Amino acid sequence: MDEKGKIDKTGRRFENVMPAKTRKEVYKTMVRTSIMDDIFYLAQRQGRISFYMTCSGEEASVVASAAALKPSDQVFAQYREQGLFLWRGFGLDEVANQCCSTAKDPGKGRQMPVHYGSKELHVHTISSPLGTQLPHAVGAAYHMKLKEEKQVAACYFGEGASSEGDFHAALNFASTLQCPVLFLCRNNGYAISTPTEEQYHGDGVLSRGQGYGIDALRVDGNDAIAVYAAVSDARSKCLSTQSPVLLELVTYRSGHHSTSDDSTRYRDPDELQTAGYQLSAIDRFRAYLYSSKLWTAQEDREFRDNTRAECLDALEGAERERKPSVTDMMSDVYQTVPKHLHEQQYAALRQRGVDDL
């Protein structure tokens, strides 16, 4: 699919891999992710939440790949996969409660914002340290192989994480143990402020998979249909051969790394504007849907307006929720809470004017 949403003759062979209904739902989730990101990013700037990271520019890589997985597949994500959570049914209220650290947050406010997780949706909780999810995904895939379960472990990471030792350990384990794990690398051009040309001199992340004897494929990560087709095929291969596959989804991070980052300090604003426009996965896919008569401009306006209202309602609702209790601070770690933690808990409660639990 080109920048104007037109599919060439080669691409036509893969177009129908993604059903028409799925194309619409993938686009809607991409837009939903983008609008949610805009609102929560601005909320951080207003001091309403402490931190945020957007998926700007990478919506097709995340949402289209999520659509190609099965709901039962275990997912180990990094921190830009909020579109996957939305695709699997994670609600905007759940996003808001996590980012606002309310009592309704399953993590009880003990994680940074954007560190979502859902046992019900089979998405393991996000971890701040870079690359730690990679060996975890391989371990889960090995378990699936031993139990002869018909599912895969899908592991998302950025190209920056491929410079971590955990990446190499994970690929070597996956290759030697022959585990059904699908490695999904979002190569967005930057590891925070470090561009790809300063990260490696080989043929991207693709060649690293090949070096470990893992089948690997590079895909246009801003082409939703190409991503869906590649992930569908890779997942089938993982299952049928009980072996790992690496996909390098080449995309572009059109936003800052996080709310703690100012990317204009290390990349030309003109690059950001030009590349962000030319490579926009949402604009490209919308043009395709318009030309295919699957979506209209009126539907687009109405959906965007409704989504914006839902996001604002979710955020405002979370801001009204109570915060987690101090009594929850020591839970979920030890089966029997040690004496010294009990003492700390009592001390914290006394400071708040509470005499007992």
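That block above? That's the structure.
Every value quoted in this text rests on a predicted model; they were computed, and no experiment measured them. (Residues numbered from 1 in each chain as written. Predicted model: local features only at pLDDT ≥ 70, side-chain atom pairs only at ≥ 80, totals over all residues. Heavy atoms only, no water.)

Chemist: Before we go on, may I ask you to explain the packing of helix α6 (residues 133–147) against helix α7 (residues 165–177) in this structure?
Modeler: The packing of two helices is summarised by the inter-axis angle and the distance between the axes. Where α6 meets α7, the axes come as close as 8 Å, and the angle between the chain directions of the two elements is 15°. Classified by the interaxial angle, the pair formed by α6 and α7 is roughly parallel. Crossing of α6 over α7 shows left-handed handedness. Of the residues in α7, those in contact with Leu-134, Pro-135, Val-138, Tyr-142 and Lys-145 of α6 are Asp-166, Phe-167, Ala-170, Phe-173, Ala-174 and Leu-177. A per-class count over the contact of α6 with α7 returns nine nonpolar, no polar and two charged. (Axes fitted to C-alpha atoms, helices over the stretch in contact; angles between N-to-C directions. Helix = DSSP H or I, 4+ residues; strand = E, 2+ residues; numbered from the N terminus. Parallel < 35°, antiparallel > 145°, perpendicular 65-115°, else oblique. Left-handed = near helix turned anticlockwise from the far one by under 90°. Contact = heavy atoms within 4.5 Å. Nonpolar A, V, L, I, M, F, W, Y, C, P; charged D, E, K, R; others polar.)

Chemist: Mind showing me how you'd approach α7 here?
Modeler: In an α-helix, one full turn covers 3.6 residues, which means residues spaced three or four apart are oriented alike. Its 13 residues place the ends of α7 18 Å apart at the C-alpha level, agreeing with the 18 Å of an ideal helix rising 1.5 Å per residue. When we look at burial in α7, the residues that qualify are Phe-167, Ala-170, Leu-171, Ala-174 and Ser-175. Down the axis of α7, the buried side of the element spans an arc of 125°, and every buried residue falls inside it. Away from its buried face by more than 90 degrees, α7 exposes Gly-165 and Thr-176. Elements in contact with the buried residues of α7: α6, β3 (153–158), β4 (181–187) and α8 (206–211). Just past α7, the residue Gln-178 takes up positive phi, approximately 55°. (Expected span 1.5 Å × (residues − 1). Buried < 20%, exposed > 50% of the residue type's maximum accessible area, 1.4 Å probe, protein only. Arc of directions from axis to C-beta.)

Chemist: Mind showing me how you'd approach the packing of aromatic side chains here?
Modeler: Think of a pair of aromatic rings as described by two things: how far the centres are apart, and how the planes are tilted against each other in angle. Under the definition given, this model contains 10 aromatic pairs. Considering the side-chain rings of Phe-157 and Phe-167, the 5.6 Å spacing of their centres and the 55° angle between planes classify their relative orientation as tilted. Of this pair, Phe-157 sits in strand β3 while Phe-167 sits in helix α7, and the two are 10 residues apart along the sequence. With 5.9 Å between their ring centres and 5° between their planes, Phe-285 and Tyr-288 make a pair best called stacked. Residue Phe-285 and its partner Tyr-288 are located together in helix α11 (residues 281–291), separated by three residues, close to a single helical turn. Both residues of the pair, Phe-285 and Tyr-288, belong to the buried class. Connected via pairs of aromatic rings, a cluster forms that spans Tyr-27, Phe-285, Tyr-288, Trp-295 and Phe-303. The cationic tip of Arg-267 hangs over the ring face of Tyr-190; the distance from NZ or CZ to the ring centre is 5.1 Å. (Phe/Tyr/Trp six-rings, centres within 6.5 Å; stacked < 30°, edge-to-face > 60°. Lys NZ or Arg CZ within 6 Å of the ring centre and 35° of its normal.)

Note that every value here comes from positions in space, so none of it alone points to a role or purpose.
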